[in-house]
Amino acid sequence: MRKKIVAGNWKMNKNLQEGIALATELNDILKADKPNCDVVICTPFIHLASVAGIIDQSVIGLGAENCADKASGAYTGEVSAEMVKSTGAGYVILGHSERRAYYGETAEILKEKINLALANGLKVIFCIGEVLEERESGKQNEVVEAQLAGSLFDLTAEQFANIILAYEPVWAIGTGKTATAEQAEEMHAFIRGVIAGKFGAEAAENVSILYGGSCKPSNAKEIFSKENVDGGLIGGAALKAADFKGIIDAWK
Ligand code: PEP
């Protein structure tokens, strides 16, 4: 059975004290009322070590939002996968549309990042998704397939077992405009088919595919009810413990 996952992406929000407060609140809430799914919070780099010291990682996993495409050395301002791992984190988000759009992350760069993340024992939450004009011109499947092929298809099946996919239609991220549960299901089923074609039926059956894009407590249950939707990657609603818990409870 593939894992059900709700992962939060804090993006560039919360200073260290605020981040510690949110992680503490969430940890207390989820220890008192155990989730029916895996829960992960992905925080800014500077929060990782402190948050790792607060949360019970048998209840909440910890991840970074990015890592470098180089192993180490003279790359001022970068944070390597090894450094992320050394904080106690177990996950990293790669390929988020904001990184692709604002920081020029190409399929090739993402390939390097994925290899380094996996080599350092991190699970990768790999984001894919089309922009509005691509959906409006009916190109969403083509775009998503190219994103998968461009960054993941050189992996071995063994490496691929540590990949979690997140379908995030860019037009739904932070816009309040959610894909319908049917649109999500249609794309997730397509993605699973692409994975089956490349890595085989077992890998496709086992990979968790999360939906991301304006997911909130009021729509999570419907979206998660779809056969090929295994949870969510949550931006805005991950910044308040009650909202994030509301989404986690969609699995109850
Ligand atoms: C995200 O950026 O990963 C995301 C899903 O954001 P939001 O939930 O705010 O749309």
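Use the structure listed above.
Scope of this entry: the structure provided in the associated data block. (Residues numbered from 1 in each chain as written. Predicted model: local features only at pLDDT ≥ 70, side-chain atom pairs only at ≥ 80, totals over all residues. Heavy atoms only, no water.)

It is worth spelling out the overall build of the protein chain at this point. Assigned secondary structure in the protein chain consists of 12 helices and 8 strands. On the principal axes, the C-alpha backbone points of the protein chain span a range of 45 × 45 × 35 Å. Residues counted as buried form 51% of the 252 residues belonging to the protein chain. Sequence separation of 24 or more characterises 72% of the internal contacts of the protein chain that already satisfy a separation of 6 or more. A total accessible area of about 10,900 Å² is found for the protein chain, and carbon and sulfur atoms account for 51% of it. Taking the average location of the 25 positive side-chain charges in the protein chain and that of its 33 negative ones, the two points are 3 Å from each other. (Helix = DSSP H or I, 4+ residues; strand = E, 2+ residues; numbered from the N terminus. Buried < 20%, exposed > 50% of the residue type's maximum accessible area, 1.4 Å probe, protein only. Contact = heavy atoms within 4.5 Å. Areas by Shrake-Rupley, 256 points an atom, 1.4 Å probe, with all protein chains shown as cover. Lys, Arg positive; Asp, Glu negative; His and termini not counted. Charge placed at Lys NZ, Arg CZ, Asp CG, Glu CD.)

All right, on to the pattern of salt bridges then. Counted by the stated rule, this structure contains 17 salt bridges. A salt bridge links Asp230 to Lys4; the nearest nitrogen and oxygen atoms lie 3.7 Å apart. Taken together, the residues span a long stretch of sequence, with Asp230 in the loop between helix H11 (217–224) and strand S8 (231–234) and Lys4 in the segment before strand S1 (5–9) at a distance of 226 residues. The exposure class assigned to Asp230 is buried, which follows from its relative accessible area of 0%. (Salt bridge = Lys/Arg side-chain N within 4 Å of Asp/Glu carboxyl O.)

Here we take up the side chain of Arg2. Looking at the element boundaries, Arg2 is found in the segment before S1. The buried category is assigned to Arg2, whose relative accessible area is 10%. A polar side-chain atom of Arg2 sits 2.9 Å from the main-chain carbonyl oxygen of Glu205. Within the structure, the side chain of Arg2 is placed 3.1 Å from the backbone oxygen of Glu227, a separation counted as a polar contact. What Arg2 contacts, discounting residues up to four positions off in sequence, is Arg192, Glu205, Asn206, Val207, Ser208, Glu227, Asn228 and Asp230. (Polar contact = N/O pair within 3.5 Å; in protein donor to acceptor, adjacent residues only side chain to side chain.)

Here the focus is the sheet that holds strand S4 (residues 91–94). One closed barrel holds the 8 strands; their spatial order is S1-S2-S3-S4-S5-S6-S7-S8, and the pairing between them is parallel. Each strand of the sheet is rotated relative to its neighbour by a mean of 25°, with strand direction disregarded. As judged from the 2 bridges shared by strand S3 (residues 60–64) and S4, these two strands associate in the parallel manner. By the bridge assignment, Gly63 is partnered in S4 with Tyr91. The strands touched by helix H2 (residues 45–52) are strand S2 (38–43) and S3; relative to S3, the strand with the most contacts, the crossing angle is about 155°. In this fold helix H9 (residues 181–199) packs onto strand S5 (123–128), strand S6 (163–167) and strand S7 (209–212), with an angle of close to 145° to the strand it touches most, S7. (Pairing = 2+ DSSP bridges. Axes fitted to C-alpha atoms, helices over the stretch in contact; angles between N-to-C directions.)

Before going further, it helps to spend a moment on helix H12 (residues 241–248). The complete set of buried residues in H12 reads Ala241, Phe244, Lys245, Ile247 and Ile248. Along the long axis of H12, the arc covered by the buried residues comes to 160°, so they all point the same way. Against S1, helix H1 (16–32), S2, H11 and S8 lie the buried residues of H12. (Arc of directions from axis to C-beta.)

What follows is about the pairing of S3. Burial analysis of S3 places 5 of its 5 residues in the buried class, the great majority of the element. Of the two faces of S3, the one holding Ile60, Leu62 and Ala64 and the one holding Gly61 and Gly63 are both buried throughout. Where S2 and S3 come together, 5 bridges link them in parallel fashion. By the bridge assignment for S3, Ile41 is matched with Leu62. Running through H2, the crossover from S2 to the neighbouring parallel element S3 is right-handed. With respect to chirality, the unit in which S3 leads through helix H3 (residues 81–86) into the neighbouring parallel S4 is right-handed. (Right-handed = clockwise from strand over helix to strand, strands pointing away.)

Neither face of S7 is left uncovered, since the one carrying Ile209 and Tyr211 and the one carrying Leu210 and Gly212 both have all their residues buried. As defined by bridge partners, S6 adjoins S7 across 3 bridges and the pair is classed as parallel. Pairing of Ala166 across the sheet is with Leu210, part of S7. Sheet topology note: the S7/S8 ladder contains 2 bridges and is parallel. Paired with Gly212 across the two strands is Leu233, which belongs to S8. The parallel pair S7 and S8 is bridged by H11, and the resulting crossover is right-handed.

The next thing to look at is the site of the ligand. Close to the ligand lie 14 residues, the nearest being Lys11, His96, Glu168, Gly174 and Ser214. At a separation of 2.9 Å, an oxygen atom of the ligand approaches a polar backbone atom of Gly235. Interatomic distance of 2.8 Å between a backbone N/O atom of Gly236 and an oxygen atom of the ligand. Relative to its free-state accessible area of 290 Å², the ligand is covered by the protein chains to the extent of 95%. In terms of residue class, the shell around the ligand is built from 4 nonpolar, 8 polar and 2 charged. (Near = heavy atom within 4 Å. Nonpolar A, V, L, I, M, F, W, Y, C, P; charged D, E, K, R; others polar.)

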